[in-house]
2 protein chains.
Amino acid sequence: MTTVNALSEVAALMGDPARASMLSLLMDGRAHTASELALTAGVTAQTASGHLSRMVEANLLAARAQGRNRFYRLASSDVAHAIESLMALAGTRAAPASMHAAWRRDPDLRFCRTCYDHLAGQVGIAVTDALTKAGHIEPKGPRDWTLTDTGELFCQRIGVDVPGARRAGSRHFARQCLDWSERRPHISGSLGAAIADTFFRRGWAEKLRRSRTVRLTDSGRRAMGSHFGATLS
Amino acid sequence: MTTVNALSEVAALMGDPARASMLSLLMDGRAHTASELALTAGVTAQTASGHLSRMVEANLLAARAQGRNRFYRLASSDVAHAIESLMALAGTRAAPASMHAAWRRDPDLRFCRTCYDHLAGQVGIAVTDALTKAGHIEPKGPRDWTLTDTGELFCQRIGVDVPGARRAGSRHFARQCLDWSERRPHISGSLGAAIADTFFRRGWAEKLRRSRTVRLTDSGRRAMGSHFGATLS
DNA sequence: AGAATGGTTCGGCAACCACCGAACCATTGA
DNA sequence: TCAATGGTTCGGTGGTTGCCGAACCATTCT
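Conventions adopted
Residues numbered from 1 in each chain as written. Chains lettered and ligands numbered in written order. Predicted model: local features only at pLDDT ≥ 70, side-chain atom pairs only at ≥ 80, totals over all residues. Heavy atoms only, no water. Axes fitted to C-alpha atoms, helices over the stretch in contact; angles between N-to-C directions. Helix = DSSP H or I, 4+ residues; strand = E, 2+ residues; numbered from the N terminus. Parallel < 35°, antiparallel > 145°, perpendicular 65-115°, else oblique. Contact = heavy atoms within 4.5 Å. Pairing = 2+ DSSP bridges. Buried < 20%, exposed > 50% of the residue type's maximum accessible area, 1.4 Å probe, protein only. Lys, Arg positive; Asp, Glu negative; His and termini not counted. Salt bridge = Lys/Arg side-chain N within 4 Å of Asp/Glu carboxyl O. Near = heavy atom within 4 Å. Polar contact = N/O pair within 3.5 Å; in protein donor to acceptor, adjacent residues only side chain to side chain. Core = buried A, V, L, I, M, F, W, Y, C linked by side-chain atoms within 4.5 Å. Nonpolar A, V, L, I, M, F, W, Y, C, P; charged D, E, K, R; others polar.

> Mind laying out the packing of helix H3 (residues 34-41) of chain B against helix H4 (residues 45-57) of chain B, listing which residues take part and the relevant values?
Residues and elements named next belong to chain B. In contact at an axis separation of 9 Å, H3 and H4 are set at 105° when each is read in the N-to-C sense. Classed by the angle they form, the pair H3 and H4 counts as roughly perpendicular. Across from Ala34, Leu37 and Ala38 in H3, the residues of H4 making contact are Ala45, Ala48 and Leu52.

> Lay out the pairing of strand S2 (residues 61-66) of chain A in plain terms, naming residues and giving numbers.
Put simply, side chains in a regular strand alternate between the two faces of the sheet. Residues and elements named next belong to chain A. Two elements, S2 and strand S3 (residues 69-74), share 6 bridges in a ladder whose sense is antiparallel. What sits directly across from Gln66, in S3, is Asn69. Linking two consecutive strands that pair antiparallel, namely S2 and S3, is a turn of 2 residues; a positive phi of about 65° is found at Gly67 within it.

> With reference to specific residues and values, describe the side chain of A:Arg19.
Residues and elements named next belong to chain A. You can see Arg19 is positioned in helix H2 (residues 17-26). Although buried, Arg19 forms no salt bridge, and the nearest oppositely charged side chain, Asp16, lies 4.5 Å from it. In this structure, Arg19 is in contact with Ala12, Leu13, His51, Arg54 and Met55, ignoring residues within four places of it in sequence.

> Quick one: what's the story with the protein's contact with DNA strand D, residue by residue and with numbers?
Near DNA strand D you find 21 residues, and of these A:Ser35, A:Tyr72, B:Gln46, B:His51 and B:Arg54 are the closest. The share of sugar and phosphate among atoms of DNA strand D within 4 Å of the protein is 72%. Between DNA strand D and A:Arg70, the relevant distance is 3.3 Å, taken from a phosphate oxygen to a main-chain nitrogen or oxygen of the residue. At a separation of 2.6 Å, a phosphate oxygen of DNA strand D approaches a polar side-chain atom of B:Arg54.

> Give a detailed account of the nonpolar core, specifying residues and quantitative values.
Ranked by internal contacts, the top residues of the largest apolar core, which has 65 residues, are A:Met14, A:Leu60, A:Leu61, A:Leu74, B:Met14, B:Leu61 and B:Leu74. Setting aside chain neighbours within four positions, we find B:Met14 in contact with A:Ser8, A:Ala11, A:Leu86, A:Leu89, B:Ala20, B:Leu23, B:Leu60, B:Ile83 and B:Leu86.

> Explain the sheet that holds strand S1 (residues 32-33) of chain A to me, using residue names and the numbers behind them.
The 3 strands lie next to each other as S1-S3-S2 (chain A), forming an open sheet whose pairing is antiparallel. Since the sheet does not close on itself, it has two edges, and those belong to S1 and S2 of chain A, each with one partner.

> Can you break down the protein's contact with DNA strand C residue by residue, with the values?
As a structural note, the neighbourhood of DNA strand C is formed by 21 residues, with A:Gln46, A:His51, A:Arg54, B:Ser35 and B:Tyr72 the closest of them. Here a phosphate oxygen of DNA strand C and a side-chain polar atom of A:His51 are 2.5 Å apart. Between a sugar or linking oxygen of DNA strand C and a side-chain N or O atom of B:Asn69, the distance comes to 3.1 Å. Mapped onto the surface near DNA strand C, the elements with two or more residues apiece are H2 and helix H4 (45-57) of chain A together with H3, H4 and strand S3 (69-74) of chain B. At 4 residues, the largest contribution of residues to the surface near DNA strand C is made by H4(A). In the surface near DNA strand C, the residues fall into 5 nonpolar, 10 polar and 6 charged.

As structure tokens, this is what we get:
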């Protein structure tokens, strides 16, 4: 009820290892079935079911029934943002030495991944930086960007569905999202999602199954150079 | 070790009610003694000691011995930011009806409070908005502000120690911090702290003991009108 | 030196809760 | 209609951990 208990309740929910792995998987922005989540969490279906209903109850997750499957997804991008923020904290938690070790362990994840439904990691940052440098997006207000006229043209040229992104209901159009590995913001919101979608549709990138990791294809690397003027390690 | 476990570990630390209330108290940005923290958490000194050492171990808290007292404070503003982010999530957790009830319960906290060491709540937002509207600060990059020339003069006039804030080591100068009750950014960083300090030094505001709540004095209300052109409910 | 205060360590207890086995419901396909 | 698959509910069990009493260390005050 009181604000401190609400804090501890929500934190305690994320504090269980099984639930944390489920949330981590759901950070890819997609909806996953209960059994899939049970598998990645390393628990049986019954146990997973309990966890999932508790998180739905607490409005961390949303459930959608389809056939005999039940799909779960993060309830809102706010939840995704809070998780990223905790991850950022967890990243600074350890001493620099072991931090490097942790990053060595998952260099691909650090290079490119999905954050909810948009691109994050070095690639996400590179895209965002390129758009900023070219004057295609400009900061508007504290947590948003504006798409400039040249940005509109640019998006049209590479095939980003801007009208569709603008149509996306009450959702933010171009939002700043803090990247936990780079510790700098990348572009999110419906425009960020549309850009990521372009990467997947044009074969520039592909999602690895059961993971937030994204692999940049060869044509993707070329596109980063030609369209975004970015060179990646 | 792996990133998901680091997430769950940090979340689990915040997930205990006793630790959560300690962290809430420490959100006022000050250092508090172990017994003070034990009292607000409603546990005995031994229990509190255990909690505190665990949080120091996890780099959430920093400890400083002084005489026979031991003072604990948040280890970094990153920790404060993560807590605010979780609180924001906890705020949206409940249905709108009960959310209002929770806010009714603590209208003063929502009106004005400290967030780490700067002002938050309606007053924090009002100050930030006024500075923006007058062109005293401008967004610089994704999460910072620049103090303009007129802003420099304005600060000097009302007695904000800008040189001192600039001298503040490696700390960010003017940072954007998300306000969990207003869900909009207010000014933090060393400049935000200097502004809050001015409010306290000039008697515009005073901290309520054992709480993050800040009371705006009558002269503070007048100052909000004359210096910031803001009217508060 | 002795007493008082603030803080920590240790050991045992109790409550909580994550977990699984088993049984049960719902949807799909044969 | 009957099996198969996906999911949830229920009950009992075990491990974790938060908690306090008691003893112990450190600092300050008389």
